Amino acid sequence: MDNSQIEKALIRLYDEEDYRIVFWNDPDHEFTLTLPLLTLPEGVNIIKLDEVGAFEAKVKLELEDPEGRYLIFSPTEEPDYEDDWLLDIRLYSKCFRADRASIILDELGLSNQHLRDHLSTRRKFFDNKQRMQKLKPMVLPDDNEFDLDRKMIAVVTKADHDEWFNIIRTIFHGYNDLDDVDIDSPPDCWLEIEKYELDEPFWEMAKSVFGYSEETPSLRNFLTRLMVTDFAQHLKASVPDSLTHLVLPQYGKNNAVVCLAQWRDSSTKGTSYDRLSGIIGDLINLNDLFYHFEIYDLLDVATFQSVERYIAQGLRDIVLSNPNDINLEKINEIKTNRQAGYWATTGVPGNKYAPREGMHSVYEAIAISAEFFSLKNKYPSGFSFSSSADMYNAYTKEIFSFDQLYRRFCEQADIAALNNWDVLKKLRTEVEACYVNWYLHNLADAWGKYLDPKGSDSLLSSWKIYNVDNQEQFFYNNIAPKLKEAERRRSFVIISDALRYEVAEELNSELNGKYRFESDLTSMLGALPSYTSLGMACLLPHDKLEYNVKGDLLVDGQNCSSMEQRDQILAKHEGMAVKAEDLLKMSKDQGRDLIKDKRLVYIYHNAIDKIGDSAGTESQTFQAARQAINELEALVTNIINNLNGHHVVITADHGFIFTVTDPGAPEKSSLLEKPLGTVKAKKRYLIGKNLGDNEIVYHESTTTTCGVGGNIEFWIPKAANRFHFIGGARFIHGGAMLQEIAVPVITVKHVRGKSAEKTKIKPVTVHILGSNHKITTSKHRFELIQMEPVSERVKPVTLKVAIFDEGEPVSNIETLTFDNSSNNIDERKKNVVMVLQNREFDKNKTYRLVMRDADTGIEQESVNIIIDRAFNDDF
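Residues numbered from 1 in each chain as written. Predicted model: local features only at pLDDT ≥ 70, side-chain atom pairs only at ≥ 80, totals over all residues. Heavy atoms only, no water.

Peer 1: Which parts of the structure should I look at to understand the state of the cysteines?
Peer 2: Here is the idea: a disulfide is a covalent bond, and it sits between the sulfur atoms of two cysteines. Scanning the entire structure with this criterion turns up zero disulfides. You can see C538 has no disulfide; the closest cysteine sulfur is in C706, sitting 4.8 Å from it. Looking at C538, the relative accessible area reads 0%, which means it is buried. (Disulfide = S-S within 2.5 Å. Buried < 20%, exposed > 50% of the residue type's maximum accessible area, 1.4 Å probe, protein only.)

Peer 1: I tried to follow the nonpolar core on my own but got confused; where do I start?
Peer 2: Soluble globular proteins tend to pack their nonpolar side chains together in the buried interior. Among the nonpolar cores identified, the biggest contains 219 residues, and F202 and F210 are the most heavily contacted of them. By residue number, the principal contributor to this core is helix 18 (residues 388-418), which donates 14 residues. Contact partners of F210, with chain neighbours within four places excluded, come to F165, I168, M205, F222, L226, L248, P249, G252, N255, A256 and C259. Of all hydrophobic cores here, the second largest spans 25 residues; its members include V801, M834, F841 and I865. (Core = buried A, V, L, I, M, F, W, Y, C linked by side-chain atoms within 4.5 Å. Helix = DSSP H or I, 4+ residues; strand = E, 2+ residues; numbered from the N terminus. Contact = heavy atoms within 4.5 Å.)

Peer 1: Sorry, what's going on with unusual backbone geometry here?
Peer 2: A negative phi angle characterises most non-glycine residues, just as the trans form characterises most peptide bonds. A cis amide bond, omega 0°, links L528 with the succeeding residue P529. Secondary-structure assignment places P529 in the loop between strand 7 (517-525) and helix 22 (532-539). Even without glycine at this site, N420 takes up a positive phi of about 65°. The residue N420 is located in the loop between helix 18 and helix 19 (425-451) in this model. Assessed through its relative accessible area of 66%, N420 is described here as exposed. Positive phi, close to 55°, is recorded for N711, a residue that is not glycine. Checked against the element boundaries, N711 lands in the loop between strand 18 (708-709) and strand 19 (713-717). Classification of N711 as exposed rests on a relative accessible area of 60%.

Peer 1: It is not clear to me how the environment of R489 should be interpreted in this structure. Could you clarify?
Peer 2: Position of R489 among the secondary structure elements: in the loop between helix 20 (474-485) and strand 6 (491-496). Residue R489 is classed as partly exposed on the basis of its relative accessible area of 28%. Here the alpha-carbon distance between R489 and N642, two residues 153 residues apart in the chain, equals 16 Å. Beyond its immediate stretch of four places on either side in the chain, R489 contacts K482, L483 and R599.

Peer 1: Hey, could you run me through the side chain of R225 in this one?
Peer 2: By the element assignment, R225 lies in helix 11 (residues 219-234). Leave out the neighbours within four places in its chain, and R225 touches Y212, S213, E214, H245, L246, V247, L248 and P249.

Peer 1: Explanation requested: helix 13 (residues 250-264) in the structure shown.
Peer 2: Note that an α-helix has 3.6 residues per turn; residues three or four places apart therefore point the same way. The terminal C-alpha atoms of helix 13, which comprises 15 residues, lie 22 Å apart, in line with the 21 Å expected from a rise of 1.5 Å per residue. Here helix 13 lies mainly inside the structure; 13 of its 15 residues are buried. (Expected span 1.5 Å × (residues − 1).)

Peer 1: Looking at this structure, I do not really get the packing of aromatic side chains. What am I missing?
Peer 2: For any pair of aromatic rings, the description rests on two quantities: the centre-to-centre distance and the angle between the ring planes. The tally for this structure, following the rule as stated, stands at 46 aromatic pairs. Ring centres of F383 and F402 lie 6.0 Å apart, and the angle between their planes is 80°; on these two criteria the pair is classed as edge-to-face. One end of the pair, F383, is in the loop between helix 17 (356-376) and helix 18; the other, F402, is in helix 18, and 19 residues separate them in sequence. Each member of the pair, F383 together with F402, is buried. Measuring from centroid to centroid gives 5.5 Å for F841 and Y847, while their planes differ by 80°, and the two rings are edge-to-face. Y847 shares its class with F841; the two are buried. For R356, the ring lying beneath its charged end belongs to Y342, and the centroid distance is 4.4 Å. It is R839 that lies over the ring of F841; its NZ or CZ is 4.5 Å from the centre. (Phe/Tyr/Trp six-rings, centres within 6.5 Å; stacked < 30°, edge-to-face > 60°. Lys NZ or Arg CZ within 6 Å of the ring centre and 35° of its normal.)

Given below as structure tokens:
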């Protein structure tokens, strides 16, 4: 200890801490010669007790100079209390020692003088001023050796704070800095621990906190035992014999569970858990042990990603093994719980070690497939209805769900495949076979009976369905009445090419989930053949529709194929035509200026047909449908919020049929040659004059099916067949299948005033049941209740639940999703099991069980808890 260090320590005591009197005992006579050489703080006088008696010193300090500053130096040990004449002064003054350990002890503000010897053994740590400065804010006056070592380890590992669990995940996160992890080669932060001889206290901690004790401890073995213990504690079956020796002792199990749960919950260090858990899973040959378990044994386990794959495979096999008797409620429960868990949640960023989006989609696809097969089970003999109207209405009420579920399943399966999850291959094959061979076949057979010109209820001969508008009546039934309500009334019409009914139904649900929006879905019977030019013409205001000799559509004698031509037609009705993409690019002022003199705005949107009707991109049809939903929702929002639109109608020119697999020979209705009168021929229809009949087609006039003049007839192949495959084979429209001709009409209103209150969107409310919560064991079950069912305007919520001591969790952190749509309140209850750290709890202190929104971190509810554990136990 050089003179400057002593001087700095004394300056701090007198000038910074404002002591008047400082006692310095030097029993080893180390500083007798040094004392006169020191530059003391201004005004400090020295009294040497070997030269001045204690009584004389007492008189000086208390009577003669009660305001003066003094250094009382004695070359002896501190006297015992009963022999100390200056005890009363000593008690309100400061004692100083000049040995290095004492200076450090004093600078850290430690009250326990016996820590000097411990600090001496840590001299390597204190050789650096920066380490000392980082340690000082952490130290408390009553800290002991164990506390100091923990805080020194926190400093050298650069942990966020000095809590053991945080230090542990910081050390293991050090592996994440390595390109290739060798679990036997410790990370740099561990080398720092060893460098400053802090490894021994670390392993002492591992023993006292976790029960980890090995003759030759290592990070690899420690991590393995932590993870195996966590796995074992959540397992609902016996631990395999090959792992039992790795399970930590009873008193350390809780801490292992809580430590790993908090590591998985860490937003900054979760990636290292993903990486290392995969390595440990391979080391213990976990995949070879799954034969011991049913998936129900593993439903509470989050330790290893391979468990997630095994559960997903098992859930898939449940659906595949008995699609005719599916427990949909149970499958959805498992799906929801696992999607809220660590490996399949979208609330935690994915990475190359844990592609969470893909795993989330795996569960979503499995649940959708279960719903698909459950719906099929409602029609064991296919489809049979008493009339075309009954079947049409059944389609728009329920049967469309086959198409929607198929699309959503394929969409999720594609996401899973892109994330390298191959769990769904067998299931995809079965869903595809069911959709193509059962659903499309049975739907075509049943609907085809009403298209047969020889049938008693021949739809083709009249093309009318009771209480359903025809497409050519669209403007006069949906738009004109609104325009007549007031002179300044403006209507927006969005026409999305190939927006089929089931896609529109999902869009309608999304719109109904937006504040101040009220959306209603109906349908109309589409024009036949169901192709773009005809459908678009029917949707325009008109008195007369007809074909010219080239097969082009005329609206009141005017061509309508281009945007400019449609704009000219609409101008006669104080209207205009604009592309959706152009409108969305405009600012609010630009958009308002564009429409300021218009009462009728037709907006043309093209996402689905643009992608689907091309051989090079038709495989992306379902992605295009998702794009259409998102873009149309954004478009409606823009119209209502920025353009003051109060009446918006979304519709389509036609629908479509799409299958992932290519059609086979049975779907081909090959025409060796076209009829002589053919004007236009496409893969799903042809039009012309004097076409004649053919047994493989439906033959009718457009005058009958949509009131278009010009003596044009059409042929369309029966069922879902094609004439040829130019332009792609899997995406088709033009025919009379329900997916093509049930055209959606969505009417969106801007709700204002008091009525807007009913459209407010909110998450479900979740409460913690019970009162006077008291925990007496290390494991406690709480019951949570979702207060209202999920609906379009009451959204699901995902919550993180934990027990807190002030701001720090003292339990595991569990994630639960509340998304139940049942009206039965008992079905909306969930249990959550909290596991406490194995530590001392104050039974007179109040702890809190807290539920926080998993996305925002905002507290949703908390309750006070008393923890009164008479003794440490385990579960």
